[in-house]
Structure formats: structure tokens, C-alpha cells
Amino acid sequence: MTTSTIDLKQYIRGIPDFPKPGILFYDISTLMRNADAWQIAMGRLTAAVAPWSVDMLAAIESRGFLTAAPLASRLGCGLVMLRKPGKLPGQTVSYDYDLEYGQDSLHIQADAIVPGQRVVVMDDLLATGGTLAASIALLRKVGAEVVGAATLIEIRSLGGRDRLDVPVKTLVSYDD
């Protein structure tokens with residue numbers, strides 16, 4: 001079996017009723033703890049993102065940090081963090097957005113992006129697209145040229161990709 005034929009889904013565990021009843025949580029910790037599968041996943045993400053010629057990856061708190069850090073190292077680009085309020089030192093720029101159950105906010109350090117930098121936003125999972133869309137808006141607010149988004153997992157039935165106005169790359173998808 002070659003690395004191109006390995007199905008990464010076999011390394012992602014589904015946890016029913018987490019974090020609440022009716023939710024099927026896709027746990028990437030089982031993928032990450034298998035060194036070979038994790039290397040294959042990072043290689044595939046690198047191949048997917050590299051053609052965008054990025055200057056910076058923007059990682060969404062917190063599982064986005066797990067994919068963006070090794071990917072930035074492989075691509076030779078920088079990494080910025082998009083975090084919840086009160087988690088970043090220094091001056092920050094924020095973006096408030098609506099969720100199905102309320103409102104949330106993302107922050108970036110005010111000096112993290114040089115206007116015009118080519119940025120790809122990273123997270124572990126694309127579901128409804130709300131957090132990724134807010135991240136793109138925040139990055140544009142600070143002058144980034146957002147050239148794409150990348151995740152390990154996409155839940156296609158939730159339509160999150162349709163909320164994004166940038167190209168999206170995912171490694172595995174589910175239709176639940």
C-alpha cells in the first residue's frame with residue numbers, strides 16, 4: 001500500500017453524543033498519535049496548500065494550531081493565531097460573529113499581518129463555516145489577502161463551504 005492510497009478516515013475516531021447529545025465528534029487525536037498517518041496527513045495538506053504560495057498561515061483556536069504549526073514549518077511560512085478574547089498579549093483587533101446559539105469573537109494581534117500578505121486560514125474541521133467565515137473577515141480587516149482555507153475534515157451535509165468566498169481544501173469528508 002502506498003501513502004497515496006491510505007484512507008485517513010480509519011485514523012479519525014467518531015465519538016457519539018460529544019460534546020452534547022446528538023453530536024458526532026470527529027476526534028483527530030487518534031490520527032495525531034499515529035506517527036505514520038499524521039505524517040501522511042501533513043504531507044497531503046502541504047501538497048494542497050503549497051500552490052497558493054502563502055506568506056502566512058492563520059490558525060483558529062485551538063485545534064487549528066495543531067495542523068497549522070507543522071504545516072507552516074513544512075511550507076517555510078509564518079504562523080499567526082486567531083484566538084478567543086483575552087488570550088493574546090498586546091493590542092488586538094477583533095471580529096464579532098453570530099453562532100446558532102449566540103455570539104462569539106475572534107482576535108488577532110494588531111501587528112500580526114503586513115497588509116497584502118497572502119494568508120491561508122486553518123482549522124481541524126469545516127462544519128457550518130461560521131468560524132472560518134469570521135476568520136476570513138477578521139484577516140481581511142487587518143489587510144490580509146486571504147487566498148484559501150484548509151481543514152483536515154469537512155462535514156459536507158452542513159454546507160459550510162458555501163459560506164466561504166475562498167477556495168477550500170480538505171483531506172477527508174463525511175456526509176452525516
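All of the points below concern the structure found in this document. Bear in mind that the values here come from a model prediction, so they are computed numbers and not experimental data.

## Points about the pattern of salt bridges
And step 1. Evaluation of the coordinates by the stated rule reveals eight salt bridges.
And step 2. With a closest N to O distance of 2.7 Å, Asp 124 and Arg 63 form a salt bridge. Residue Asp 124 is located in strand β7 (residues 118–126), and its partner Arg 63 is located in helix α3 (residues 63–75); the two are separated by 61 residues in the primary sequence.
And step 3. With a relative accessible area of 35%, Arg 63 lands in the partly exposed category.
And step 4. Notably, a salt bridge pairs Glu 154 with Arg 156, separated by 4.0 Å at the nearest N-O pair.
And step 5. Counted as one network, the salt bridges with shared partners bring together Glu 154, Arg 156 and Arg 161.

## Let's talk about the nonpolar core
And step 1. Grouped together as the largest cluster of nonpolar side chains are 31 residues, with contacts concentrated most on Leu 57, Val 120 and Leu 152.
And step 2. Elements supplying a minimum of two residues to this core: α2 (35–49), β3 (56–60), α3, β7, β8 (145–155) and β9 (168–174).
And step 3. Counting residues per element, this core draws most heavily on α2, which supplies seven residues.
And step 4. For Leu 57, the residues in contact, after removing those within four places along its chain, are Val 49, Ala 68, Leu 71, Ala 72, Leu 75, Cys 77, Gly 78, Leu 79, Val 80, Val 120 and Met 122.

How each quantity is defined
- Residues numbered from 1 in each chain as written.
- Predicted model: local features only at pLDDT ≥ 70, side-chain atom pairs only at ≥ 80, totals over all residues.
- Heavy atoms only, no water.
- Salt bridge = Lys/Arg side-chain N within 4 Å of Asp/Glu carboxyl O.
- Helix = DSSP H or I, 4+ residues; strand = E, 2+ residues; numbered from the N terminus.
- Buried < 20%, exposed > 50% of the residue type's maximum accessible area, 1.4 Å probe, protein only.
- Core = buried A, V, L, I, M, F, W, Y, C linked by side-chain atoms within 4.5 Å.
- Contact = heavy atoms within 4.5 Å.

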